[in-house]
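Letter by letter, the chains look like this.
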Amino acid sequence: MSSNKQSTGLLDTLGMESVRTILTHTYPYPHEHSRHAIIAVVVGCLFFISSDNMHTLIEKLDNNIKWWSMYACLLGFFYFFSSPFIGKTIKPSYSNFSRWYIAWILVAALYHLPSFQSMGVDMRMNLSLFLTIYISSILFLLVFHIIFLGLWYVGLVSCVAGKRPEILTILQNCAVLSIACCVFYSHCGNCAVLRERPPEQKNSNWFSLFKKEERNTLLAKFLRMNELKDQVCSSWFAPVGSASDYPLLSKWVIYGELACNGSCSASSDEISPIYSLWATFIGLYIANYVVERSTGWALTHPLSVEEDEKLRKEQMKPDFLDMVPWYSGTSADLFKTVFDLLVSVTVFVGRFDMRMMQAAMTKVHDGAQQGDLLYDHLSEKEDLWFDFMADTGDGGNSSYTVARLLAQPSIQLSRGDSVSTLPRGDLLLIGGDLAYPNPSAFTYERRFFCPFEYALQPPSWYKQEHIAAKKPELPEQLSELKQYDGPQCFVIPGNHDWFDGLHTFMRYICHKSWLGGWFMPQKKSYFALQLPKGWWLFGLDLALHCDIDVYQFKFFSDLIKDKVRESDSVIIMTHEPSWLLDWYWNDVSGKNVTHLICDYLKGRCKLRIAGDVHHYTRHSYVSSEGPSHAQQNEGPVHVQHLLVNGCGGAFLHPTHVFRNFNKLYGTTYESKAAYPSFEDSSRIALGNILKFRKKNWQFDFIGGIIYFILVFSNFPQCKLNHILQDDSFSGHLRSFFGTVWSAFLYVVEQSYVSLAGVVLLLITAICFVPSKVSRKKQAIIGILHVLAHLAAALILMLLLELGVETCIQHKLLATSGYHSLYQWYQSVESEHFPDPTGLRARMEQWTFGLYPACIKYLMSAFDIPEVMAVTRSNICKNGMESLSRGSAVIYYASVFLYFWVFSTPVVSLVFGSYLYICINWLHVHFDEAFSSLRIANYKAFTRFHINCDGDLEVFTLAVDKVPKEWKLDPDWDKEVKQPQQLSHRRKFPSKWSATAGQQDPVNTVRIVDHFVIRQTDQTDFRSAGSKFQQ
């Protein structure tokens, strides 16, 4: 049955299309009422709890210090576990699952602690009632939805109903509905008429002050809210009749008294307020669902067509993807990236190279070859503006921020007392890594093309599926590339683009003509551009070898011999900044590139630009003029300036770990600019301690399992009395840590599973340490890292076991077997739910025993602490051998459910602290320590200007803070758009602007670096450096 089936029902025959057009939403109504219902239920809970129990809570707080301490510890762990999900949108996802998971096991643990009972609240009836109502609601709503879909299928309701409801939405609504009924039961009871409350208990201590003198104060009124609660229960939830008034329901209502605060009268046929409340909620759900799905009109105030269109525009937002979660244990993309990388390294490095395929597919004739690789259509311009960016295609917000700035016709910048205008670049150079984490159609389209198309729309005739078989595919009425006056784009691939052997790059770059509004004439993965005033740009493809291949070397070396004059200047663009990375890793790479620069260009390379490292740095050579610098340069200056700008959209990298770089090709360099600054970079690294879990909550899946394996063999701990029986606090600590040490020795000497986990983790930790440090230091760092995790896991294990042991000794757990909750409910069911008609017995017979069995085992599955405690007691009494395999699985599963919650915040804290120490003290893990932070801020690109004198002006523009919220740009929306008009001719080319105008990148962009490279006629490259002026 397809959801878009054409209906020919009653609405169509009555000619209701025009009405439905007005009332139907263009976008499918999500039908999620849970968020509003949850707010209402929470407010109700707070009201009833404060009204009934605030005075009791204050009175008995001093008598429950031990249990309140356990509450604080338990709630603390649960808060830190759930903190990354606070404030996030409720939707079917891992975060939504975590909310319900944490609510389940938290309530299951809390109701066993005695403090609720000391306040007069017995949660057992609430839980059992909740589970019963929950199952009933799910079954009822599932039947309703099946019937409703059947009515849609036969055409009796509108086609809007064809969208199937989401199962998780139904489960959420049923849970909220059940909680609301339980709250009512707890504080109003099931009596049709509220009886007179018993005399008010005598209060002692300071609380009695509020009885007379302070009775009218605000706090006294707050503490006497129980009187207001009684009025609410008696007036708002008054009786709605009796079963005799509704003969058809007389055998189906809930009879009698559910709870009463005194003597209860005999059972009657009065309809229960619980049933009335449940039926009301179910009726509201059904009514709202039927109205909105059959007419498209939700139960809200209607709007006119104009108002609705205006509201839609205000609510329109771009569908940007979030930053890539590099530490996600649930991301299929990351596993695919690892697989692709292994395949690429195994297959492509040294065996198959797409660059060789490109050379083989190029015609043998030199002229044809240079036509595919050499572009000279810009060489005749008087001046030229062009831009450089790299490492885009990560988070949508950051990528669009840079793309929006690149697309602006001009950027106004304040420089002291003057205002500078930098026009849009005629040429855009992208230095690789176009999409993360791996190259695919999805990542290229959503992470790379989407932000650029929003920033500068492609032509109206452009089709996404079009393949450019013969490039350049110029717009109509243009015969040569030099006639096109719009912005153009040339791209080189990065290491991430090579993970699939360059397949996606060739498809989307070399065989497509438009990146948004930027025209792409490029045919190969490397190229040469002849620019005005004797400037050249070489775009090199280093692949995964970190070097150019022989065919590429031949092309550029021949070009230098035949085309590049002695007085010309060359800019070399690569993906990786080999000068930085070789210094950092103490390695030598790019020998062919070095040979090309030193032995062929011979000082004509004025500038090297690269990305890959996601920050901005510039190093300039140190002039050898003067006696103090005479010995600094060991030979000629092959490159004057080294520029790294990988701030195109990917996560931020640190700058402070590269602050000591100062040598390349025998020439001394000094740092001229760094963005962010070295101090800011070091301070940002602190986020690994404070924010690792918040940024990488999907790491829970891996971290929780690792910690559980480390302590698996230590469960259960049966001999803990010596810790609980110590009299002093210091004695408790000595016994506690002594037991931790004993558990560590047990792992090393006797366990199998935990020892295997420790060994595997140790090997992984040592291999994880970068090879930058010696093997001895690798081993020391890895061992300390594993010991920190093992100590944390053992402490958490012992805390969990102490909590369970304390509850067992106080008869709060392991008192009556696995089904204690159901047994208690069954014992009070006949008293609170009298069944004079024998309905329950018939339901059990009709369902072949499934009716009570489902509730019984659901309650047992809910009561995880009881299952864990009962099994633990059996193990401690009879040994592990007494358990069946199924019982052992159930025990360890129940332990894992709680240990996972305790361990995930701690494993993130320990691992984040390890990254912080390594990046700031040891200067290793620069990639791992900052990819964990997923920082979208500090984005930049570099704008170049070849002026009429032939000098190259370099401006690096940056945005410190990337907007997270966008709206439809009103200027873009109002601007008249001609059908055949290219988007670069518009005054406002970008579709989205920041919701907060002062945070829009057009208003916050600033210059972080500016310098000038002078054109020179000097041919002796040994002294070319002395001519440089900044």
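Keep in mind the model is a prediction, meaning the values are calculated, not measured.

Definitions and limits used
- Residues numbered from 1 in each chain as written.
- Predicted model: local features only at pLDDT ≥ 70, side-chain atom pairs only at ≥ 80, totals over all residues.
- Heavy atoms only, no water.
- Pairing = 2+ DSSP bridges.
- Helix = DSSP H or I, 4+ residues; strand = E, 2+ residues; numbered from the N terminus.
- Contact = heavy atoms within 4.5 Å.
- Axes fitted to C-alpha atoms, helices over the stretch in contact; angles between N-to-C directions.
- Core = buried A, V, L, I, M, F, W, Y, C linked by side-chain atoms within 4.5 Å.
- Buried < 20%, exposed > 50% of the residue type's maximum accessible area, 1.4 Å probe, protein only.
- Phe/Tyr/Trp six-rings, centres within 6.5 Å; stacked < 30°, edge-to-face > 60°.
- Lys NZ or Arg CZ within 6 Å of the ring centre and 35° of its normal.
- Salt bridge = Lys/Arg side-chain N within 4 Å of Asp/Glu carboxyl O.
- UniProt positions renumbered as here; feature names shortened; annotations may be inferred.
- Parallel < 35°, antiparallel > 145°, perpendicular 65-115°, else oblique.
- Nonpolar A, V, L, I, M, F, W, Y, C, P; charged D, E, K, R; others polar.
- Disulfide = S-S within 2.5 Å.
- Expected span 1.5 Å × (residues − 1).
- Arc of directions from axis to C-beta.

Student: Teacher, can you tell me more about the sheet that holds strand 12 (residues 605-610) here?
Tutor: The pairing of strands in a sheet happens through backbone hydrogen bonds and is either parallel or antiparallel. Spatially, nine strands are ordered 1-9-10-11-12-14-13-16-15 in an open sheet, and the strand pairing comes out mixed. In this open sheet, the two strands that pair with only one neighbour each are strand 1 (374-375) and strand 15 (663-664). Here strand 13 (residues 616-621) runs beside strand 16 (residues 667-675); their pairing, made up of six bridges, is antiparallel. When the sheet's bridge partners are listed, His 619 is paired in strand 16 with Ser 671. Across the sheet, helix 19 (residues 550-562) touches strand 1, strand 9 (527-530) and strand 10 (535-539), and the angle it forms with strand 10 is around 175°.

Student: What should I look at first to understand the nonpolar core in this one?
Tutor: Within soluble globular proteins, side chains that are nonpolar generally end up buried alongside one another. Phe 386, Leu 531, Phe 538, Tyr 707, Phe 715 and Leu 952 are the most contacted members of the largest nonpolar core, which totals 191 residues. Excluding anything up to four places from it in sequence, Phe 386 contacts Gly 425, Leu 427, Leu 429, Leu 531, Ile 571, Thr 942, Arg 943, Phe 944, Ile 946 and Leu 952. Counting 47 residues, the second largest nonpolar core, distinct from the first, contains Leu 405, Leu 502, Val 959 and Val 1005.

Student: Explain helix 20 (residues 578-585) to me, please; I cannot follow it from the model alone.
Tutor: Because an α-helix completes one turn every 3.6 residues, residues spaced three or four positions apart along the sequence face the same direction. Across the eight residues that make up helix 20, a large majority, six, are buried. Regarding helix 20, the residues found buried are Ser 578, Trp 579, Leu 580, Leu 581, Asp 582 and Tyr 584. Taken together, the buried residues of helix 20 touch strand 12, strand 13, strand 14 (639-645), strand 15 and helix 34 (926-931). Remark: Asn 586 follows helix 20 within two positions and exhibits a positive phi of approximately 55°.

Student: Can you help me understand the packing of aromatic side chains in this one?
Tutor: Within this structure, the stated rule accounts for 53 aromatic pairs. Connected via pairs of aromatic rings, a cluster forms that spans Phe 708, Phe 712, Phe 715, Tyr 891, Tyr 892, Phe 896, Phe 899 and Trp 900. The ring of Trp 583 is capped by Lys 772, whose NZ or CZ atom sits 5.7 Å from the centre of that ring. Directly above the aromatic system of Tyr 584 lies the positively charged group of Lys 772, at a separation of 4.3 Å from the ring centroid.

Student: Even after reading the chapter, I still don't get the pattern of salt bridges, so can you show me in this structure?
Tutor: Close approach of charged atoms allows side chains with opposite charge to pair. A complete count under the given rule lists 19 salt bridges for this structure. The residue Asp 387 makes a salt bridge to Arg 943 at a minimum N-O spacing of 2.6 Å. Of this pair, Asp 387 sits in strand 2 (residues 384-389) while Arg 943 sits in strand 17 (residues 939-946); the two residues are 556 residues apart in sequence, bridging distant segments of the chain. According to the relative accessible area criterion, Arg 943 is buried, its value standing at 0%. For Lys 554, the salt bridge goes to Asp 558, with nearest N and O atoms at 3.0 Å. Of this pair, Lys 554 and Asp 558 both sit in helix 19, separated by four residues, roughly a single helical turn.

Student: For this particular structure, what's the right way to read the environment of Pro 963?
Tutor: Mapped onto the secondary structure, Pro 963 falls in the loop between strand 18 (952-959) and strand 19 (966-968). Here the alpha-carbon distance between Pro 963 and Thr 401, two residues 562 residues apart in the chain, equals 7.7 Å. When sequence neighbours within four positions are dropped, the list of residues in contact with Pro 963 reads Asn 397, Thr 401, Ala 994, Gln 999 and Pro 1001.

Student: Teacher, can you tell me more about the UniProt feature "transmembrane region" (unreviewed entry) in the protein here?
Tutor: UniProt's entry tags residues 37-55, 67-86, 98-116, 128-155, 697-715, 751-769, 781-800 and 889-917 with the feature "transmembrane region" (unreviewed entry), counted in the numbering of this structure. From the first C-alpha to the last, residues 697-715 spans 26 Å; its make-up is 63% helix and 0% strand. Taken end to end, residues 781-800 has its terminal C-alpha atoms 29 Å apart, with 100% of it in helix and 0% in strand.

Student: In this structure, what is going on with the packing of helix 28 (residues 775-809) against helix 32 (residues 864-878)? I would like to understand it.
Tutor: Any two packed helices are characterised by how steeply their axes cross, that is the angle between the axes, and by the distance between the axes. Their axes nearest at 11 Å, the elements helix 28 and helix 32 cross at an angle of 85°. What the angle tells us is that helix 28 and helix 32 run roughly perpendicular. Facing Glu 801, Val 804, Glu 805 and Ile 808 of helix 28, the residues of helix 32 in contact are Met 868, Ala 869, Arg 872 and Ser 873. Here the contact of helix 28 with helix 32 is built from residues that sort into four nonpolar, one polar and three charged.

Student: How should the state of the cysteines be read in this particular structure?
Tutor: Two cysteines whose sulfur atoms are joined by a covalent bond form what is called a disulfide. The final tally for this structure, using the stated rule, is one disulfide. The disulfide partner of Cys 718 is Cys 876, and the S-S distance across this bridge is 2.0 Å. One disulfide, between Cys 718 and Cys 876, carries an S-S torsion of -85° and so falls in the left-handed class. Here Cys 718 is found in the loop between helix 24 (700-711) and helix 25 (721-724), whereas its partner Cys 876 is found in helix 32, with 158 residues between them in sequence. The class of Cys 718 is partly exposed, set by a relative accessible area of 33%. We classify Cys 876 as partly exposed; its relative accessible area is 33%. No disulfide involves Cys 605; its sulfur sits 9.3 Å from the nearest other cysteine sulfur, which is in Cys 598.

Student: How should helix 27 (residues 753-768) be read in this particular structure?
Tutor: Helix length check: helix 27, at 16 residues, gives a terminal C-alpha distance of 22 Å against a target of 22 Å (1.5 Å per residue), a fit within 8%. Looking at helix 27, one finds that the buried residues are Ser 754, Gly 757, Val 758, Leu 761 and Ala 765. Seen end-on, helix 27 carries its buried residues on one side only, within an arc spanning 100°. Counted as exposed and oriented over 90 degrees from the buried face of helix 27: Leu 760 and Cys 767. Residues of helix 27 that are buried sit in contact with helix 24, helix 26 (729-749) and helix 28.

Student: What am I meant to see in the environment of Lys 591 here?
Tutor: Locating Lys 591 in the fold gives a position in helix 21 (residues 591-601). Taking relative accessible area as the criterion, Lys 591 reaches 61% and is therefore assigned exposed. When the C-alpha positions of Lys 591 and Cys 546 are compared, they lie 9.0 Å apart, and in sequence the two are 45 residues distant.

Student: Got a minute to help me understand unusual backbone geometry in this structure?
Tutor: For residues besides glycine, phi is generally negative; the peptide bonds are generally trans as well. Omega for the bond connecting Tyr 436 with Pro 437 falls within 30 degrees of zero, at 0°, which places this linkage in the cis form. The topology assignment puts Pro 437 in the loop between strand 5 (427-430) and helix 17 (441-455). In this model, Lys 471 is joined to Pro 472 through a cis peptide bond whose omega is 0°. Following the sequence through the fold, Pro 472 ends up in the loop between helix 17 and strand 6 (488-491). Phi is positive for Asn 586, close to 55°, though the residue is something other than glycine.

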